[in-house]
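# A look at the structure
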Amino acid sequence: MSQAKTLPYRLASRQSRVESTVVRVGSHAIGDGEPTVIAGPCSVESREQILESAVQVQQAGAHMLRGGAFKPRSSPYAFQGLGETGLRYLAEAREQTGLPVVTEVMDIEHLPMVAHYVDVLQIGARNMQNYPLLKAVGQTTKPVILKRGLSATIEEWLLAAEYILSAGNPNVILCERGIRTFETATRNTLDLNAVPVVKHLSHLPILVDPSHGTGVARYVPAMSLAGLAAGADGLLLEVHPNPEKALSDGAQSLTPEEFRLLMRRVQTLMQAESAAVFAPTPMALRG
Ligand code: PEP
Ligand code: MN
């Protein structure tokens, strides 16, 4: 690395580990060069809804299923999630499809229960700087998807990852999900700069979440492809069997058919990428 100064996130930085980290979830690897696609509804709403979603995303080629059981909603009157019942449905969806399952853990109190049911823990954007929670997931061995905070700098985000790593859990996956800017045409501004910046500064894998990054389903395919073209290790996507009826984030959720078409485009993009010559470019030599 050519940086003269020592980066404050010692374990997360490429100065401490030049080789890119590959996080294993069962037999699946995140960060091994093939994009990982994690898809499913924002919230687990019912047994039927999550089982149907699981089958649909699997048939389209997703590698893991997502679904929130504990939801961080802006309004206390909005649907808060099914809690443990939702976790049970997720586990059942895994049994039926074999897909590993991902869900958000909102507080330390629920961590043992959530870790018992799911394969990957998600720390939501609103909790990126909940340091006791970061330390607690750091004491588990479960892979953790760490979403970028709504107004967090990349340095703050990598320092949040450092809390998990320094507590003993090396299985951290970063997720860019858009940041707050002055722009109101989209829910957030998906910061794709973060992809090459994080790849330069850190060895950790990074996913892109264009669903929360845009808030609008019609913009999701373009930003998914852009995220992968920028070098992301995968995508986190909201897909709902019937977005119009979704209890949360319907406007940004793809239909199963839209997801299937997007997966075809992802494959085409990756084939084009692998056909390119992987020689060090003058840019890469700049460090
Ligand atoms: C989610 O994944 O549904 C979610 C709440 O994401 P974020 O924490 O990025 O807002
Ligand atoms: Mn959501």
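In what follows, the accompanying structure is described. (Residues numbered from 1 in each chain as written. Chains lettered and ligands numbered in written order. Predicted model: local features only at pLDDT ≥ 70, side-chain atom pairs only at ≥ 80, totals over all residues. Heavy atoms only, no water.)

## A short note on the sheet that holds strand S3 (residues 36–40)
As summarised here, the arrangement of the eight strands in space is S3-S4-S5-S6-S7-S8-S9-S10, forming a closed barrel in which the pairing is parallel. On average, each strand axis in the sheet is tilted by 25° relative to the strand beside it, whichever way the strands run. Bridging between S3 and strand S4 (residues 64–66) involves two bridges; their strand directions are parallel. Bridged to Ile 38 within S4 is Met 64. Taken strand by strand, helix H1 (residues 47–60) contacts S3 and S4, and its axis lies near 145° from that of S4. (Pairing = 2+ DSSP bridges. Helix = DSSP H or I, 4+ residues; strand = E, 2+ residues; numbered from the N terminus. Axes fitted to C-alpha atoms, helices over the stretch in contact; angles between N-to-C directions. Contact = heavy atoms within 4.5 Å.)

## A word on the site of ligand 1
Taken together, 13 residues sit near ligand 1, with Arg 66, Ala 125, Arg 126, Lys 147 and Arg 177 positioned nearest. Within the side chain of Arg 66, an N or O atom sits 2.8 Å from an oxygen atom of ligand 1. The separation between an oxygen atom of ligand 1 and a polar side-chain atom of Glu 238 is 3.2 Å. Protein burial of ligand 1: of its 300 Å² of free accessible surface, 97% is covered by the chains. Of the residues in the shell around ligand 1, the class split is three nonpolar, three polar and seven charged. (Near = heavy atom within 4 Å. Polar contact = N/O pair within 3.5 Å; in protein donor to acceptor, adjacent residues only side chain to side chain. Areas by Shrake-Rupley, 256 points an atom, 1.4 Å probe, with all protein chains shown as cover. Nonpolar A, V, L, I, M, F, W, Y, C, P; charged D, E, K, R; others polar.)

## A look at the coordination of the manganese ion (ligand 2)
At the metal site, the manganese ion (ligand 2) is ligated by Cys 42 (SG), His 212 (NE2), Glu 238 (OE) and Asp 249 (OD), and these contacts range over 2.1 to 2.4 Å. For the manganese ion (ligand 2), the single-chain donor residues occur in sequence as C-x169-H-x25-E-x10-D. One end of the pair, Glu 238, is in strand S10 (residues 234–238); the other, Asp 249, is in the loop between S10 and helix H9 (256–275), with 11 residues separating them in the sequence. Comparing Glu 238 with Asp 249, the two get one shared label, buried. (Donors = N, O, S within 2.8 Å, 3.2 Å for Na, K, Ca; no water. Buried < 20%, exposed > 50% of the residue type's maximum accessible area, 1.4 Å probe, protein only.)

## Quick word on H1
The end-to-end C-alpha distance of H1, which contains 14 residues, comes to 20 Å, matching closely the 20 Å that a straight helix rising 1.5 Å per residue would cover. Turning to H1, its buried residues are Gln 49, Ile 50, Leu 51, Ser 53, Ala 54, Val 57 and Ala 60. Against the buried residues of H1 lie S3, S4, helix H2 (84–97) and H9. Phi turns positive one or two residues past the end of H1, at Gly 61, with a value near 110°. (Expected span 1.5 Å × (residues − 1).)

## Details of the side chain of Lys 71
Considering the arrangement of structural elements, one finds Lys 71 in the loop between S4 and H2. Buried charge Lys 71 goes without a salt bridge, the closest partner of opposite sign being Glu 104 at 5.1 Å. Here Cys 42 takes part through its backbone oxygen, which lies 3.2 Å from a polar atom of the side chain of Lys 71. Those residues in contact with Lys 71, other than ones at most four positions away along the chain, are Cys 42, Ser 43, Arg 66, Phe 79, Gln 80, Gly 81, Met 106 and Ser 248. (Lys, Arg positive; Asp, Glu negative; His and termini not counted. Salt bridge = Lys/Arg side-chain N within 4 Å of Asp/Glu carboxyl O.)

## Some words on the environment of Met 263
With respect to the helices and strands, the residue Met 263 is situated in helix H9. With a relative accessible area of 9%, Met 263 lands in the buried category. Counting along the chain gives 203 residues from Met 263 to Ala 60, while the straight-line C-alpha distance between them is 6.7 Å.

## Brief notes about the nonpolar core
Leu 65, Leu 146, Trp 157, Leu 174 and Phe 259 are the most contacted members of the largest nonpolar core, which has 68 residues in total. Among the elements that line this core, the one with the most residues is helix H5 (residues 154–166), at seven residues. Apart from residues lying up to four places away in sequence, Trp 157 is in contact with Met 128, Leu 146, Lys 147, Arg 148, Leu 174, Cys 175, Glu 176, Ala 194, Val 198 and Ile 206. Counting residues in hydrophobic clusters, the runner-up holds 12 residues, among them Val 25, Ile 30, Ile 38 and Val 120. (Core = buried A, V, L, I, M, F, W, Y, C linked by side-chain atoms within 4.5 Å.)

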